[in-house]
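For reference, the chains in residue letters:
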Amino acid sequence: MLERWASTEKNSEAEQTLKMIVFLPDFKADAKQLARLAEIAVSGDKNMAWFEWYLFAKGLHDYRTGKYADALATCRESRRRAPESKFDPHTLETLNLTIEAMALHRSGDEAGAKRALAEAKSNIDVYVLPIGGGWTHDWLSAHILYHEAEGFIAGKKSEPPK
């Protein structure tokens, strides 16, 4: 996938490729190519449709590559924009909160991590449901990342992302 889309100049292609590759914590891919995709995803007009989703992809990349402060800033900006999203703002908010929780945990802010995780859980229970009308891959991603964050913060996984 990276081989095919590494040179794209389109935000949406960069965002989708990036999310697919870094979704799992043990991804294996060229760091420079991924960093380029992260920058392409959020390049250009900051008011374009779906930009808040592109920010989430960059935040996920930042987290997976150990840039926890950048992940927090990017996910918080995406979450700030979520209410204006063209689609499924609660799922987007939940996705961001899970990454924020893990980044806070990595940064040593246990209380903040637990608050973010609790807020994500509240969204999962009320809004992020397969019957909610959202895109299946988004709510499924939110559930998978939430469970990753929950296990990580509970101490079931202590390995740092690679």
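Above this note sits the structure.
Residues numbered from 1 in each chain as written. Predicted model: local features only at pLDDT ≥ 70, side-chain atom pairs only at ≥ 80, totals over all residues. Heavy atoms only, no water.

Draft legend 1. Just helix α4 (residues 51–64), in detail. Spanning 14 residues, α4 covers 20 Å between terminal C-alpha atoms, matching the ideal 20 Å at 1.5 Å per step. Of all the 14 residues making up α4, 14 are buried; the element is thus mostly covered by neighbouring parts of the structure. A positive phi of about 80 degrees marks G66, the residue just after α4. (Helix = DSSP H or I, 4+ residues; strand = E, 2+ residues; numbered from the N terminus. Expected span 1.5 Å × (residues − 1). Buried < 20%, exposed > 50% of the residue type's maximum accessible area, 1.4 Å probe, protein only.)

Draft legend 2. Structural context of the packing of aromatic side chains. Counting across every chain of the model gives one aromatic pair. Residues Y63 and Y68 carry aromatic rings whose centres are separated by 5.6 Å and whose planes lie at 50 degrees to one another, so their mutual orientation is tilted. Pair check on accessibility: Y63 and Y68 agree, each one buried. (Phe/Tyr/Trp six-rings, centres within 6.5 Å; stacked < 30°, edge-to-face > 60°.)

Draft legend 3. Just the environment of A118, in detail. Relative to the elements of secondary structure, A118 occurs in helix α7 (residues 110–126). Assessed through its relative accessible area of 46%, A118 is described here as partly exposed. Distance from A118 to E150, taken between C-alpha atoms, is 9.4 Å for residues 32 residues apart in sequence.

Draft legend 4. Representation of the packing of α7 against helix α8 (residues 136–153) within the structure. Here α7 crosses α8 at 145 degrees, and the two axes come no closer than 11 Å. Note that α7 runs across α8; the crossing there is left-handed. Facing α7, whose interface residues are A113, K114, L117, A120, K121 and I124, α8 presents A142, H143, Y146, A149, E150 and I153. (Axes fitted to C-alpha atoms, helices over the stretch in contact; angles between N-to-C directions. Left-handed = near helix turned anticlockwise from the far one by under 90°. Contact = heavy atoms within 4.5 Å.)

Draft legend 5. Quick look at the packing of helix α5 (residues 68–81) against helix α6 (residues 89–106). The geometry of α5 relative to α6 is characterised by a closest axis approach of 9 Å and an angle of 155 degrees between their N-to-C directions. With respect to α6, the axis of α5 lies roughly antiparallel. In the crossing of α5 with α6, the sense of the turn from one axis to the other is left-handed. Here Y68, A71, L72, C75, R76, S78 and R79 of α5 lie close against α6, whose contacting residues are L92, E93, N96, L97, I99, E100, A103, L104 and R106. In the contact of α5 with α6, the residues fall into nine nonpolar, two polar and five charged. (Parallel < 35°, antiparallel > 145°, perpendicular 65-115°, else oblique. Nonpolar A, V, L, I, M, F, W, Y, C, P; charged D, E, K, R; others polar.)

Structural measurements only, silent on function.
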